[in-house]
Amino acid sequence: MDKRFITFLLLSFAVLSVNMMVMRWLQPPQEQKQVVEPEELTAEEKATREKEKLDAEPKAELAAGDKDKPAGDGAAGGGAAGDGVAADGADKPAAAAKATIPEQRYTLGSADAASPYRQLVTFVNAGAAIERIELNSPRYLDQEDRSGYVGQLDLGLVPNDRAGALVRVVGPGTPAEAAGLKPNDVITALNGQPVLGPIEFHDLLLKTEPGQSFTLSIERGGDAGVGNAGADAAAEGADKPAPLELTGELRRRPMEIIRPEALDQLSFLLTLDSVDGKKVPKDAQEIPGLDMRNANWQALPQTDPDELAFQYDAAEFGLTIIKRFRLARVNPEEADDPSAPAYHLQFAVEIQNTGKEAHKVAWRLDGPTGLPLEGAWYATKMSPNWRGGAGMRDVAVGFLVNGRRRTGLVSATTIAEETNPTPWQDEPLEYIGVDAQYFAVALLPDPDHATDYGRAIPIRVGDAPADRAKFNRTNVSFRLTSKIATIEPGEKSGTETYKIFAGPKRPALLSQYGLGNLVYYGWFGFVAAPMLEVLHFFYRIIPNYGIAIIMLTVLVRSLMFPLSRRQALGAQKMQELQPEIKRLQEKYKGNMEARTKAQQELFKKHNYNPLAGCLPVFLQLPIFLGLYRSLAVDVELRGAPLISESIRWCSNLAAPDMLWNWQDTMPAFIAGPAGWLGPYFNLLPCLTIGLFIWQQKMFMPPPTDEQAAMQQKVMQYMMIFMGVMFFKVASGLCLYFIASSLWGIAERKLLPRTTLATAGAAQPVLERIGTRNNGNGSSGSKKKNRDRR
């Protein structure tokens, strides 16, 4: 038996090894520029990356008031020019334009959940881009960074090589704003610890926790720094400003569904695709003479607190381009409704002809970038495509043709691999956007202008990951190109308006934007959707999703009790029949056919069906898969704690329980972010597999022969293999398994024991079988009867 078992393991290992070699030969890793994965960076590494970006800025530009460039300035690869997926290089910023209009940052909305907004949006006039979008609801908090949050200050270096961190923006509703911090302030200390620059501030902030009070030592006025509006620093020798101290309380970091990522371009950059027949060259980002993607646009006077507008003058083409953003407010009567349709900005493009001749113009717009990669080491997304899975960030598109919706999804892996994607065109566009695990950002055209676009393509932003296995984490976006329009002198193009949805993937919310297809449960959606409704019903009764999952388990097992009871009784009967089965096996040791017939008659006599025990398993399979998909899709379960969000263990039922970070004690191929088991030791999967093994030993009948013994041993090893496979599943799913296993154990223990109706019932069966067959399939029994006569 041991030899056969060892042979089985060796052959299995050999098959897996050959498969890996063949796949590596068929799909060799592509050589890519090494890019550090953003999701794998620790907070310290992220701060170091920020410091490297700051140090890369020319000191002369900083001294002149040209503060640090945004993440998109000079980035190589913000999507391909023309039809390509990634550009080989980006055009250099126009120094003259930046010197004329200094870099500035602006905000719309608020980080305060009690405000009439759902988000805080930060803009930068470099490219008139959206730099970041933060959700203000306590439902949507950052699940990976648990340090204290004071607000996104976009810190920069202080001119003249002075110590401190220059505050470039202060968002409304943030702890920093509540404490009295303002743009242009220079932070010199945090909680009494000196701040030499942005990197030191980030390091100190990492040591804090939400709920703690903080004290900022700042300098204000004098030559403290350059202004948010771009004012030059005061002359050398100005009076040193008096230090101030500001106090406040730190909060949990909100979820950023758009944020700068490495050196990739920012979101919603606009440029002209063609002017009077001049098009963007194949290997360039813009038409020669334009620098709309990098130059600092002029911010127009703000007359409405909910609206921002930026203007770019393309004087040599006789054109002026205006981008307008307007943030939605929540209706007061819907303030308590989490699905109120207020997760969007109104976006408009306007082109004015300031010359003396008519111009034929078309523009191109790149979509959102830097969507979350939260949980990239454990999370999975389901794709509606038959071929190919989904990535962590995919491009989703929807068309509405003759009242019928047609949708598509291009995975991040496909976008990373392809160089010439097939464009979408000539169909009424309903939406196009980037779809992440629990959040999405989509561009929705006005229904009356659904066909006013030339083409749309998915694009890769920046470089693809060096490891081909991580292509699903590629930063992706889309490019939308308008149709060519003729603009007469003194006139402007028809203002084309869009909605930019940026929010959570709540089905009730998405349906109001026509984005319901972004929530996909897989083949077992018919089970997953009702289960979620029941789960949310239980949550409304007891507001804890851990208890709600247990209640759901009790409900499911209660409904299946008649079947599981028959399974348990059948298992008892099987145990009691084991001595008789063993006698049959000894009797017909060399004749499998006779043994099978004898066992069948034995089972028939005692009304036992060996396959009946499989029915509950098959019925539970859709439930298991439905719950698995629910946990991977439902944003309500994201961040739902088992006990409390202040306890790190099991604080997110949609993620592994993460009891202990063991990266420093285990090899990287096991405990690294891309390792077999991940960077955390998870307790609940171990408990789940332990209960499975206990059930197996408790209720499985003893083996009747050597083959059965080996099968049981293989099953034990398979349980350990399942533990490895299940090690990174959601803790909510493990909770379901644990509750279901405990129910099954209690069910078996509490059921009354049964006994067979007749002792030694197999003997008549043996005698009947013996009269028909002597055990080797011949007619020897007939000969023996004749001899007796």
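Residues numbered from 1 in each chain as written. Predicted model: local features only at pLDDT ≥ 70, side-chain atom pairs only at ≥ 80, totals over all residues. Heavy atoms only, no water.

Student: Would you mind going over the overall build of the chain in detail, with residue names and values included?
Tutor: Secondary structure summary: the chain contains 19 helices and 27 strands in total. The long-range fraction of contacts in the chain, counting pairs at least 24 apart against all pairs at least 6 apart in sequence, stands at 72%. Of the roughly 36,800 Å² of accessible surface on the chain, 56% is carried by carbon and sulfur atoms. (Helix = DSSP H or I, 4+ residues; strand = E, 2+ residues; numbered from the N terminus. Contact = heavy atoms within 4.5 Å. Areas by Shrake-Rupley, 256 points an atom, 1.4 Å probe, with all protein chains shown as cover.)

Student: I'd like to hear about the pattern of salt bridges, residue by residue, with values.
Tutor: Under the criterion given, the structure shown has 33 salt bridges. Of the charged contacts, one joins glutamate 593 and lysine 597 as a salt bridge, the two residues approaching to 3.6 Å between their closest N and O atoms. Of this pair, glutamate 593 and lysine 597 both sit in helix α12 (residues 592-605), 4 residues apart, which is roughly one turn of that helix. Residue classification places glutamate 593 among the exposed positions, given a relative accessible area of 54%. Each of Glu103, Arg105, Glu131, Arg132, Asp154, Arg168 and Glu256 takes part in salt bridges that share partners, so that together they form one network. (Salt bridge = Lys/Arg side-chain N within 4 Å of Asp/Glu carboxyl O. Buried < 20%, exposed > 50% of the residue type's maximum accessible area, 1.4 Å probe, protein only.)

Student: Which residues make up helix α10 (residues 545-559), and what values go with them?
Tutor: Its 15 residues give α10 an end-to-end C-alpha distance of 21 Å, which sits within 8% of 21 Å, the value for a rise of 1.5 Å per residue. Every buried residue of α10 is listed here: Tyr545, Gly546, Ala548, Ile549, Leu552, Thr553, Val556 and Arg557. By the N-cap criterion, in which a side-chain oxygen at the helix start approaches the backbone nitrogen of a residue two or three places on, α10 is capped by asparagine 544, the distance to glycine 546 being 2.8 Å. (Expected span 1.5 Å × (residues − 1). Polar contact = N/O pair within 3.5 Å; in protein donor to acceptor, adjacent residues only side chain to side chain.)

Student: Please set out the packing of helix α9 (residues 525-541) against α10 residue by residue, giving values where relevant.
Tutor: In the contact formed by α9 and α10, the axes pass within 8 Å of each other and the chain directions differ by 125 degrees. One element, α9, and the other, α10, form an angle in the oblique class. Seen along the crossing, α9 lies across α10 with a hand that is right-handed. Between α9 and α10, the residues in contact are Met531, Val534, Leu535, His536, Phe538 and Tyr539 and Tyr545, Ala548, Ile549, Met551, Leu552 and Leu555, respectively. Residue classes in the contact of α9 with α10 are distributed as 11 nonpolar, 1 polar and no charged. (Axes fitted to C-alpha atoms, helices over the stretch in contact; angles between N-to-C directions. Parallel < 35°, antiparallel > 145°, perpendicular 65-115°, else oblique. Left-handed = near helix turned anticlockwise from the far one by under 90°. Nonpolar A, V, L, I, M, F, W, Y, C, P; charged D, E, K, R; others polar.)

Student: Run through helix α17 (residues 731-750), naming residues and quoting values.
Tutor: One turn of the α-helix equals 3.6 residues, which is why residues spaced by three or four share an orientation. When the terminal C-alpha atoms of α17 are compared, their 28 Å separation across 20 residues agrees well with the 28 Å that a helix rising 1.5 Å per residue should span. Across the 20 residues that make up α17, a large majority, 14, are buried.

Student: Describe the sheet that holds strand β2 (residues 119-124), and please don't skip the residues or the numbers.
Tutor: Taking strand neighbours across the sheet as the criterion, the 4 strands line up as β1-β2-β3-β10 in an open arrangement whose pairing is antiparallel. Of all strands in the sheet, those with a lone pairing partner are β1 (105-109) and β10 (256-258), marking the two edges. When strand polarity is set aside, the average angle formed by the axes of neighbouring strands in this sheet is 20 degrees. Note: β1 against β2, 5 bridges, orientation antiparallel. Bridge pairing in β2 places threonine 107 opposite threonine 122. (Pairing = 2+ DSSP bridges.)

Student: Before we move on, can you summarise the environment of proline 610 with the specific residues and values?
Tutor: Mapping proline 610 onto the fold places it in the loop between α12 and α13 (614-633). On the accessibility criterion, proline 610 (42% relative accessible area) is partly exposed.

Student: Explain unusual backbone geometry residue by residue, including any values.
Tutor: One non-glycine residue, aspartate 161, adopts positive backbone phi at about 55 degrees. Within the secondary structure, aspartate 161 sits in the loop between β4 (156-158) and β5 (162-166). The backbone of alanine 262 sits at a positive phi, close to 50 degrees, despite the residue not being glycine. With respect to the helices and strands, alanine 262 occurs in the loop between β10 and β11 (270-275). According to the relative accessible area criterion, alanine 262 is partly exposed, its value standing at 24%.

Student: Help me get a handle on the sheet that holds strand β13 (residues 298-299), residues and values and all.
Tutor: Taken in spatial order, the 9 strands make up an open sheet running β13-β14-β15-β16-β25-β21-β20-β18-β19, and their pairing is antiparallel. Either end of the sheet is taken by a strand with one partner, and the two such strands are β13 and β19 (404-410). Sheet topology note: the strand β16 (residues 344-353)/strand β25 (residues 496-504) ladder contains 6 bridges and is antiparallel. Paired with phenylalanine 347 across the strands is tyrosine 498, a residue of β25.

Student: Break down the environment of glutamate 316 for me, citing the residues and quoting the values.
Tutor: Mapped onto the elements, glutamate 316 comes out in the loop between β14 (307-314) and β15 (319-327). Residue glutamate 316 is classed as exposed on the basis of its relative accessible area, which comes to 60%. When the C-alpha atoms of glutamate 316 and leucine 290 are compared, they prove to be 9.0 Å apart, with 26 residues separating the residues in sequence.

Student: I'd love a proper account of the packing of aromatic side chains, names of residues and values included.
Tutor: The geometry of an aromatic ring pair comes down to the distance between the two centres and the angle between the two planes. Taken as a whole and assessed by the stated rule, the structure comprises 22 aromatic pairs. Seen from their ring centres, tyrosine 106 and phenylalanine 310 are 5.9 Å apart, and the 70 degrees between their planes marks the pair as edge-to-face. Of the two residues, tyrosine 106 sits in strand β1 while phenylalanine 310 sits in strand β14, which places them 204 residues apart along the sequence. Accessibility expressed as a relative area gives 0% for phenylalanine 310, which makes it buried. With 5.0 Å between their ring centres and 50 degrees between their planes, phenylalanine 123 and phenylalanine 325 make a pair best called tilted. With phenylalanine 123 in strand β2 and phenylalanine 325 in strand β15, this residue pair connects regions lying 202 residues apart in the sequence. Here the two residues phenylalanine 123 and phenylalanine 325 agree in accessibility, since each one is buried. (Phe/Tyr/Trp six-rings, centres within 6.5 Å; stacked < 30°, edge-to-face > 60°.)

Student: Account for the nonpolar core, with residues named and values stated.
Tutor: Core analysis: the biggest nonpolar cluster contains 119 residues, and Leu272, Ile321 and Leu443 have the highest contact counts within it. In terms of residues, this core owes the most to one element, α17, which gives 7 residues. (Core = buried A, V, L, I, M, F, W, Y, C linked by side-chain atoms within 4.5 Å.)

Student: Would you mind going over the pairing of β5 in detail, with residue names and values included?
Tutor: Bridge count between β4 and β5: 3 bridges; the pairing is antiparallel. Residue pairing across strands places glycine 156 opposite leucine 166, the latter belonging to β5. What sits between β4 and β5 in their antiparallel hairpin is a turn of 3 residues, with asparagine 160 showing a positive phi close to 65 degrees. One ladder, built from 2 bridges, connects β5 with strand β6 (residues 186-190); its direction is antiparallel. From the neighbouring strand, alanine 165 faces β6, where its bridge partner is isoleucine 187.

Student: Describe the side chain of glutamate 134, and please don't skip the residues or the numbers.
Tutor: Structurally, glutamate 134 is set in strand β3 (residues 129-135). No salt bridge is formed by the buried glutamate 134. Its closest oppositely charged neighbour is arginine 132, at 5.0 Å. Within the local environment of glutamate 134, its side chain forms a polar contact with the side chain of tyrosine 149, the two groups lying 2.7 Å apart. With residues up to four places along the chain from it excluded, the contact list for glutamate 134 reads Arg118, Gln119, Leu120, Tyr149, Gln152, Pro254, Met255 and Glu256. (Lys, Arg positive; Asp, Glu negative; His and termini not counted.)

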